[in-house]
Amino acid sequence: AIVRKQVKDLPLNFTLDDVIGEGDRMVLVWTMRGTHTGKVMNIPATGQKISARGMTRCELRDGQIIRSLRIWDVAGLIRQLGLLPDAPTLGDSG
């Protein structure tokens, strides 16, 4: 829900890439894809195709999510919009 709130004005598709579960905990690995047609984190629309990966860790009780933590690649999304330089690759000396 947090990720969806930050990108609520965009037409996005979420793909579930993997689900890992044990006991009362599970991890969802997902990818969101769409077009930057509205404001995201106060960044005006660019019309660019975007994608970002993330994970959501959930704790369950009686079949309900009682706690969750979402981690997603915000820097990668901002980089796609041209607002961050490319990240250096391993082995770059500068």
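What you are looking at is a predicted structure, and each value in this text was computed from that prediction instead of being measured.

A.B. asks: For this particular structure, what's the right way to read the overall build of the chain?
C.D. replies: Tallying secondary structure elements over the chain gives 2 helices and 4 strands in all. Listing each helix as α and each strand as β along the chain from the N terminus yields α-β-β-β-β-α. Within the span of the chain, comprising 94 residues, buried residues form 27% of the whole. Expressed as a percentage of contacts within the chain between residues at least 6 apart in sequence, the contacts between residues at least 24 apart total 45%. Working note: accessible area of the chain is about 6,500 Å², and carbon and sulfur atoms make up 53% of it.

A.B. asks: Explain the nonpolar core here, please?
C.D. replies: Soluble, globular proteins show a tendency: their nonpolar side chains are buried together. One finds Leu-10, Leu-12, Trp-30, Met-32, Val-40, Ile-43, Ile-50, Ala-52, Trp-72, Leu-77, Ile-78 and Leu-81 forming the largest nonpolar core, which totals 12 residues. Those elements that provide at least two residues to this core are β2 (25–35), β3 (49–61) and α2 (74–80).

A.B. asks: How should the side chain of Thr-31 be read in this particular structure?
C.D. replies: Along the chain, the position of Thr-31 falls in strand β2. Overall, the relative accessible area of 5% leaves Thr-31 in the buried class. Looking at Thr-31, its side chain comes within polar contact range of the side chain of Asp-17, at 2.5 Å. Those residues in contact with Thr-31 that sit more than four places away from it in its chain are Asn-13, Phe-14, Thr-15, Asp-17, Ala-52 and Arg-53.

A.B. asks: Hey, could you run me through the environment of Glu-59 in this one?
C.D. replies: Turning to its location among the elements, Glu-59 is positioned in strand β3. For the pair Glu-59 and Asp-24, spaced 35 residues apart in sequence, the C-alpha separation works out to 5.8 Å. Among the polar contacts made by the side chain of Glu-59, one reaches the side chain of Arg-67 at a distance of 2.7 Å.

A.B. asks: Just to check I follow, could you spell out the pairing of strand β1 (residues 12–22) for this structure?
C.D. replies: Across a regular strand the side chains alternate sides, sitting on one face of the sheet and then on the other. The pairing of β1 with β2 spans 10 bridges and is classified as antiparallel. Bridging from a neighbouring strand, Leu-12 pairs with Gly-34 of β2. In sequence, β1 turns back onto β2 through a hairpin of 2 residues, with Gly-23 there showing a positive phi of about 60°.

About the thresholds
Residues numbered from 1 in each chain as written. Predicted model: local features only at pLDDT ≥ 70, side-chain atom pairs only at ≥ 80, totals over all residues. Heavy atoms only, no water. Helix = DSSP H or I, 4+ residues; strand = E, 2+ residues; numbered from the N terminus. Buried < 20%, exposed > 50% of the residue type's maximum accessible area, 1.4 Å probe, protein only. Contact = heavy atoms within 4.5 Å. Areas by Shrake-Rupley, 256 points an atom, 1.4 Å probe, with all protein chains shown as cover. Core = buried A, V, L, I, M, F, W, Y, C linked by side-chain atoms within 4.5 Å. Polar contact = N/O pair within 3.5 Å; in protein donor to acceptor, adjacent residues only side chain to side chain. Pairing = 2+ DSSP bridges.

These figures capture arrangement, not role.
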